[in-house]
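# Structural description and commentary
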Amino acid sequence: MAEEVKTQKRKRSGKTIWTIILILVVAVGIYAFIQYRQYQQGLQTLAQLETVPYSRETFVSSVNGTGTVRPEHQAVLVWQTSGTVDQSDLTVGDSVRKDQVILKLEENDLPLDIIQARADKISIEKSLEDLESNTALQRTQLQANIAQAQTSLSSLQHELEILEERECTVWRLNNLRTNYEDALETYQNNPTEQNLAKVRSTKAELDFCDPEVIDQQIEELNAQIAVQNQSIEDSQAKLEKIKNGPDPDEKERLELQLEAINKRLASVELTAPFDGTLTALYTKPGDVVSAGTQAAQLADLSQLYVDVPISEVDIPHIQLDQTAELVFDAFFEQTFTGKVVEIDHVGDARTGVVSYQVTIALENGKDQIKPGMTAGVTILTEERQNVFTVPSQALTTYQGKDVVYVLRDNMPVPVEVSVGSYSNEKFEITKADIEEGELIILNPPSGLLSMIQNPFGR
């Protein structure tokens, strides 16, 4: 019985081993089949690969960007006062000259301040017109004032000389003081008109000799003389200022007032600030407008520009007078040209990336391109002769390195490359272990990685 059990166990063990072997054989077969299918698919993929020969050429590097077309000058005209818009023959698209009237307000509906300004203008123009004759009268009056002041000055100086020479003896001064004190005492004891007159006369006689009174009178005369001298000096300065014509300060004051009034009166009309084209009309005849209302838009279309933001990485390659190629969605079959005419010196980081505005002046297509259109811009930054290049779609990364796939022995091989200048379509290769004429694979499929045996140095 025990022998029979052992025999059954050996039979079951043998079946298990054969089952495992069978499973392994099937797995190997399936793996081989999958590998064969992948190999066949790889061969099929290789047969469908697009390649280009590794070759030298004249390479033009470029920097790309997008910008919006703007005119040489552009202005939005705004009403500076209120009123009703008058009739106008101009329409959108018309050309206008600098200072030409584009729109104006009706005369019978002007605000009060405009009417007052017109009255003030008449008054100031009259003052300017009469300024010469009024100056002649002023000149005559000043000369008369100077002569009168000089006469008064001579009289005051004569009085001063007399006072300065006046001197009384001590005994006389004492007698005069005694006489005054006696007269004053008499009046106090008997206040009559006669005694008061005696006080006044004795006081006048005392003042005539009193040194303190004389000094006070001299001080007063000196003050009066100083006033007369200042008056003469002021009058002579005014006379000197107008001796050859009206006072320039007065004339300037009137002219500034007139200029301010003219600007105020000009607010009833909107004139072109430069030669250009009327691109928009926001008000029409009969509209009632107020100060601040937009009226029209004017643009100088003689020159068009495109402002392109260029990143801080690319801006060192941009220089003035570089050629630019521009494409527009509205004219997708055409390429327009321009020149770099301005490069900002200060970057703009509002978008989170520092960029510098580069201005392109269009050289053609001014009759087709409109302000506001979006342009794709390619700035040609450098031209290099006889250098190796590869199309941009051939460059990829493998194990963290820049590589291109080279077809060798009908197998793709990744070869590490060093990249120099670049454009929108190609890269310059400055160093690579690739022979001229070898085939470079374009857009290598990711499935090629499974077919690579020795990535670098094969």
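Procedures and definitions
- Residues numbered from 1 in each chain as written.
- Predicted model: local features only at pLDDT ≥ 70, side-chain atom pairs only at ≥ 80, totals over all residues.
- Heavy atoms only, no water.
- Helix = DSSP H or I, 4+ residues; strand = E, 2+ residues; numbered from the N terminus.
- Buried < 20%, exposed > 50% of the residue type's maximum accessible area, 1.4 Å probe, protein only.
- Contact = heavy atoms within 4.5 Å.
- Areas by Shrake-Rupley, 256 points an atom, 1.4 Å probe, with all protein chains shown as cover.
- Pairing = 2+ DSSP bridges.
- Phe/Tyr/Trp six-rings, centres within 6.5 Å; stacked < 30°, edge-to-face > 60°.
- Salt bridge = Lys/Arg side-chain N within 4 Å of Asp/Glu carboxyl O.
- Patch = residues over 30% accessible without salt bridge, like charges linked within 9 Å, V, L, I, M, F, W, Y side chains within 5 Å.
- Lys, Arg positive; Asp, Glu negative; His and termini not counted.
- Charge placed at Lys NZ, Arg CZ, Asp CG, Glu CD.
- Expected span 1.5 Å × (residues − 1).
- Polar contact = N/O pair within 3.5 Å; in protein donor to acceptor, adjacent residues only side chain to side chain.
- pLDDT = per-residue confidence, 0-100.
- Core = buried A, V, L, I, M, F, W, Y, C linked by side-chain atoms within 4.5 Å.

### A look at the overall build of the protein
- Helix and strand content of the protein: seven helices and 18 strands.
- Looking at the protein residue by residue over its 458 residues, the buried ones come to 33%.
- Across the protein, every contact between residues at least 6 apart in sequence was considered, and the portion connecting residues at least 24 apart equals 75%.
- With an accessible surface of roughly 28800 Å², the protein has 50% of that area assigned to carbon and sulfur atoms.

### What to know about the pairing of strand β2 (residues 55–78)
- Here β2 pairs with strand β13 (residues 374–391) via 13 bridges, running antiparallel. Counted as the bridge partner of N64 is T378 from β13.

### A short note on the packing of aromatic side chains
- Considering all chains together, one arrives at three aromatic pairs under this definition.
- Between Y54 and F388, the ring centres sit 4.4 Å apart and the planes meet at 5 degrees, which makes this aromatic pair stacked. Placement of Y54 in the loop between β1 (50–53) and β2 and of F388 in strand β13 is noted, with a sequence separation of 334 residues between them. Both residues of the pair, Y54 and F388, count as buried.
- Ring centres of F331 and F336 lie 6.0 Å apart, and the angle between their planes is 75 degrees; on these two criteria the pair is classed as edge-to-face.
- The class of F336 is buried, set by a relative accessible area of 2%.
- In this structure an aromatic cluster arises from ring pairing among F328, F331 and F336.

### Structural notes on unusual backbone geometry
- In this model, D99 sits at a positive phi of 75 degrees, which is unusual for a non-glycine residue.
- Relative to the elements of secondary structure, D99 occurs in the loop between β4 (95–96) and β5 (101–104).
- With a phi angle near 55 degrees, Q399 is a residue other than glycine that sits in the positive phi range.
- Of note, Q399 is situated in the loop between β14 (396–398) and β15 (401–408).

### Describing the pattern of salt bridges
- A full pass over the atoms with the stated rule returns 15 salt bridges.
- Where D130 meets K126, a salt bridge forms, and the shortest distance between an N and an O atom there is 3.4 Å.
- Taking the shortest distance from any N to any O, the salt bridge between D287 and K284 comes out at 3.6 Å.
- Classification of D287 as partly exposed rests on a relative accessible area of 22%.

### Some points on a negative patch on the surface
- Taken together, the side chains of E212, D215, E219 and E220 present a region of like negative charge at the surface.
- In this fold, D215 is placed in helix α6 (residues 211–241).

### Considerations on α6
- The end-to-end C-alpha separation of α6 is 45 Å, in line with the 45 Å expected for 31 residues at 1.5 Å each.
- Listed as buried for α6 are V213, I214, I218, L221, I225, Q228, I232, S235 and L239.
- Of the surrounding elements, those touching the buried residues of α6 are α3 (131–165) and α5 (193–209).
- For α6, the capping residue at the N-terminal end is D210, with a side-chain oxygen 3.2 Å from the backbone nitrogen of E212.

### Let's talk about the environment of D210
- With respect to the element layout, D210 can be found in the loop between α5 and α6.
- Classification of D210 by relative accessible area gives buried; the value is 13%.
- Note: C-alpha distance between D210 and R177 (33 residues apart in sequence) is 8.8 Å.
- Sequence-distant contacts of D210, that is, excluding residues within four places in its chain, are made with L173 and R177.

### Topic: the side chain of T81
- Mapped onto the elements, T81 comes out in the loop between β2 and β3 (83–84).
- When neighbours within four sequence positions are excluded, T81 is seen to be in contact with L105, P111, I114, R264, S267, V268, V289, S290 and A291.

### Overview of the confidence of the model for the protein
- Looking at the protein, pLDDT values average 85 and 88% of them are 70 or higher.
- Predicted confidence for residues 452–458 stays below pLDDT 50, and this span has 18 contacts to residues more than four positions away or in other chains.

### A few points about the environment of V288
- Looking at the secondary structure, you find V288 in strand β8 (residues 288–289).
- Overall, V288 belongs to the exposed group, its relative accessible area being 69%.
- Considered as a pair, V288 and V85 are 203 residues apart in the sequence and their alpha carbons are 6.5 Å apart.
- Leaving out residues up to four positions away in the same chain, V288 has contacts with G83 and T84.

### Concerning the nonpolar core
- Among the nonpolar cores identified, the biggest contains 27 residues, and W79, I102 and L103 are the most heavily contacted of them.
- Of all the secondary-structure elements, those providing two or more residues to this core are β2, β5, α2 (112–129), α7 (248–266) and β9 (294–311).
- Here this core takes four residues from α7, the largest share from any one element.
- Each residue touching L103, except ones within four places of it in the same chain, is listed here: W79, V85, S88, V268, E269, L270, L281, T283 and A295.

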